[in-house]
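Close look at the chain arrangement
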Amino acid sequence: MASRKITRALISVFYKDNLEPIVHTLARQGVEFVSTGGTQDFIEKLGYKVTPVENLTGYPSIFGGRVKTLHPAIFGGILYRRDDAGDLSQAKEFKIAPLDLVIVDLYPFEETVAKGGSEEDIIEKIDIGGISLIRGAAKNFNDVLIVSSRNQYGALLELLQQKNGATDLSDRKQFAAMAFDVTSHYDAAIFSYFNNEFQLPSFKKSYQQGRVLRYGENPHQKGTYYGDLDGLFEQLNGKELSYNNLVDIDAAVNLVKEFDETAFVIIKHTNACGVATAPTVKEAYLKAFQADTISAFGGVLATNKTIDLAAAEEINKLFFEILIAPAYTEDALALLKSKKNRMILLQKKQLTETKQSKTILNGVIEQDLDLKTDSQADLKIVTKVAPTAAEVNALLFASKICKHTKSNTIILAVEGQLLASGVGQTSRVDALKQAIEKAGTFGFNLKGAVMASDAFFPFPDCVEIANQHGIHAVIQPGGSVKDQDSIAYCDQQGMAMVFTGIRHFKH
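A quick note: this is a predicted structure, and the numbers were derived from the prediction, not measured.

**Notes on the overall build of the protein**
Along the protein, the regular secondary structure elements total 19 helices and 23 strands. For a compact globule of 507 residues, the expected C-alpha radius of gyration is about 23 Å, and the protein comes in at 31 Å, more than 25% above that figure. Principal-axis analysis of the C-alpha atoms gives the protein an extent of 95 × 50 × 40 Å. Considering only residue pairs separated by 6 or more positions, the protein has 56% of its internal contacts joining residues 24 or more positions apart. Accessible surface computed for the protein: about 25100 Å², of which carbon and sulfur atoms make up 51%. If the 54 positive side-chain charges of the protein are averaged to one point and the 60 negative ones to another, these points end up 4 Å apart.

Rendered as structure tokens:
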């Protein structure tokens, strides 16, 4: 297993949390310390002798600390191969002693960017010596153990205690893999910072946290989620989230985010089968549920307000997979947790992503997220009849749902309530017919309802069908060469239609 005993360690870290027990353990095992600056002071205050790096290099820390460890006396001790006769001879010739353990972390570049640091501060947080030490030690994993993050201190301490200061090749190779994870993530963050200005056509994304899922979209597919899910949600109840759960959760939180007023959404296979706004969560839920009492079964539910006992008592009557809210009252949560498999999530913060990417063909496509929400200021009245104030509210409500529904889509709604939707159809007429049929199935009279479309009408057929079912207000992007045909029909029938100039395709 190519066991190596640690005799000499280079320790130079920015973060010293939980370092103390490691230093004590190494000292008990007879390890010699080499260090710099603040880390040297830290180890000496624990009562141990330290060889300063400058004693080995013959140079002090220079250029404001930019150059400290970049020297053959340091890198030679890390990189020379212990089983190579030529390397051993040169190490002896140049009096280079081995470094068997390197504990180094990196300057907090991402944290400095996130805090809005000045460019000068940000650039100074680009680590040079540290990342070089990590790469060098990781490259020579055959002989050297590299610890590249404070997140690895627990694993290191356990290893030192279990093997009494020795390491096997598999140990060192695993820590090397973690080291290259650290360095590649760090470089990706630096590139992203610079590329905000220059927009080079290069795609780099790095997530250091991940969780293996039960399976992917189907049981025969493997699945993994990469990202800090715990930073977004606290799971209060239920089984482990699946791939499909996460896809639906994403749809739910993005849709409910559209509303400032109390709102409730019910999602099934990423599309809304119920959406409503109301003065209370209970009322909003009941209105949302009314839109499709069948599809809601096993759905993903989300609201943007606190779920109280009154709301929970109604929600508890439904079999659902997931419930998401920013807060729950104690009695509401106790009731909802009565079924152990229900996944109950507390949403800690809103989504802040501005880009969207996915794999396609032999590459990746990326785009800006559709963050445009149609407002009253966007509406251009193109018909002789203008929509009433209530119709405007209903049109904007329907447009929000339309934006988050798979194309081709048609949304039928009244103010504050989704009545029905036609989703993912190959023609807009089919989407409208599906929505009309569904509205009838659940007992809705469409007289006075409004219609929203995610894209323009190439022909007047949709407004003709809508009018036949009592729908007299329409919102759409406009932009068809035959817009005037739909406008003329609306004028003949006394219908109101507004253009937004914004298409909301969702594929």
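**So, unusual backbone geometry**
Looking along the chain, the bond that leaves S407 and enters N408 is cis, with omega of -10°. Relative to the helices and strands, N408 is located in the loop between α16 (389-403) and β19 (410-414). The backbone of F63 sits at a positive phi, close to 55°, despite the residue not being glycine. Note that F63 resides in the loop between α3 (53-57) and α4 (72-79). Look at F63 and you get exposed, because its relative accessible area is 62%. A positive phi angle is found at Q199, which is not glycine, with a value near 55°. Within the element layout of this structure, Q199 appears in the loop between α10 (169-198) and β8 (210-212).

**As for a nonpolar patch on the surface**
On the surface, F194, F198 and L200 cluster together into a nonpolar patch covering about 310 Å² of accessible area. If you trace the backbone, F194 turns up in helix α10.

**Remarks on the nonpolar core**
If you look at the biggest cluster of nonpolar residues, it comprises 41 residues, and the most contacted ones within it are I249, V275 and I324. Ignoring sequence-local partners within four residues, the contact set of I249 consists of F233, L241, V300, I322, I324 and L345. Core analysis: the next-biggest nonpolar cluster, separate from the first, contains 29 residues, A420, A431, C462 and I465 among them.

**Thoughts on the pattern of salt bridges**
Here the structure, examined in full by the defined rule, presents 16 salt bridges. Salt-bridge contacts for E124 lead to R66; the nearest nitrogen and oxygen are separated by 2.3 Å. With E124 in helix α7 (residues 119-124) and R66 in the loop between α3 and α4, this residue pair connects regions lying 58 residues apart in the sequence. Between D230 and R211 there is a salt bridge, with its nearest N and O atoms 3.1 Å apart. Here R211 lies in strand β8 and D230 lies in helix α11 (residues 229-232), a separation of 19 residues in the sequence. According to the relative accessible area criterion, R211 is partly exposed, its value standing at 26%. Through salt bridges that share partners, K163, D168 and D171 make up one connected network.

**Here we look at α4**
A large share of α4 lies buried, amounting to six of its eight residues. Buried residues of α4: A73, I74, F75, G76, G77 and I78, and no others. Of the surrounding secondary structure, the elements contacted by the buried residues of α4 are β2 (8-12), α3, β5 (101-104) and α8 (129-139).

**Quick word on the packing of aromatic side chains**
Scanning the entire structure with this criterion turns up 10 aromatic pairs. Summarising the aromatic geometry, the rings of F14 and Y15 are spaced 5.0 Å apart at their centres and angled 75° between planes, so their arrangement reads as edge-to-face. The partly exposed category is assigned to F14, whose relative accessible area is 38%. With a centroid separation of 5.9 Å and 20° between ring planes, the pair formed by Y285 and F289 is classed as stacked. Placement of the pair is Y285 and F289 together in helix α13 (residues 281-290), with a separation of four residues, close to one helical turn. A relative accessible area of 2% means that Y285 is categorised as buried. Three or more aromatic residues joined by ring pairs make a cluster, and in this case those are F109, Y186, Y193 and F194. The ring of Y80 carries R82 above its face, with NZ or CZ at 4.5 Å from the centroid.

**Focus: the packing of α4 against α8**
Helices that pack against each other are described as a pair by the angle of their axes relative to one another and the distance between those axes. Two elements in contact, α4 and α8, have axes separated by 8 Å at closest approach and are oriented at 25°. The pairing of α4 with α8 is recorded here as roughly parallel in orientation. Residues I74, F75, I78 and L79 of α4 pack against G129, S132, L133, G136, A137 and K139 of α8. Residue composition of the contact of α4 with α8, by class: six nonpolar, three polar and one charged.

**Thoughts on the sheet that holds strand β6 (residues 145-147)**
Overall, parallel pairing links the five strands, which are arranged β4-β3-β2-β5-β6 in an open sheet. Only two strands of the sheet have a single partner each, and these edge strands are β4 (50-52) and β6. The mean angle between the axes of side-by-side strands here comes to 20°, regardless of whether they run parallel or antiparallel. Pairing of β2 with β5 involves four bridges; the strand directions are parallel. Counted as the bridge partner of I11 is I103 from β5.

Calculation rules
- Residues numbered from 1 in each chain as written.
- Predicted model: local features only at pLDDT ≥ 70, side-chain atom pairs only at ≥ 80, totals over all residues.
- Heavy atoms only, no water.
- Helix = DSSP H or I, 4+ residues; strand = E, 2+ residues; numbered from the N terminus.
- Rg over C-alpha atoms; globule rule 2.2 N^0.38 Å.
- Contact = heavy atoms within 4.5 Å.
- Areas by Shrake-Rupley, 256 points an atom, 1.4 Å probe, with all protein chains shown as cover.
- Lys, Arg positive; Asp, Glu negative; His and termini not counted.
- Charge placed at Lys NZ, Arg CZ, Asp CG, Glu CD.
- Buried < 20%, exposed > 50% of the residue type's maximum accessible area, 1.4 Å probe, protein only.
- Patch = residues over 30% accessible without salt bridge, like charges linked within 9 Å, V, L, I, M, F, W, Y side chains within 5 Å.
- Salt bridge = Lys/Arg side-chain N within 4 Å of Asp/Glu carboxyl O.
- Core = buried A, V, L, I, M, F, W, Y, C linked by side-chain atoms within 4.5 Å.
- Phe/Tyr/Trp six-rings, centres within 6.5 Å; stacked < 30°, edge-to-face > 60°.
- Lys NZ or Arg CZ within 6 Å of the ring centre and 35° of its normal.
- Axes fitted to C-alpha atoms, helices over the stretch in contact; angles between N-to-C directions.
- Parallel < 35°, antiparallel > 145°, perpendicular 65-115°, else oblique.
- Nonpolar A, V, L, I, M, F, W, Y, C, P; charged D, E, K, R; others polar.
- Pairing = 2+ DSSP bridges.

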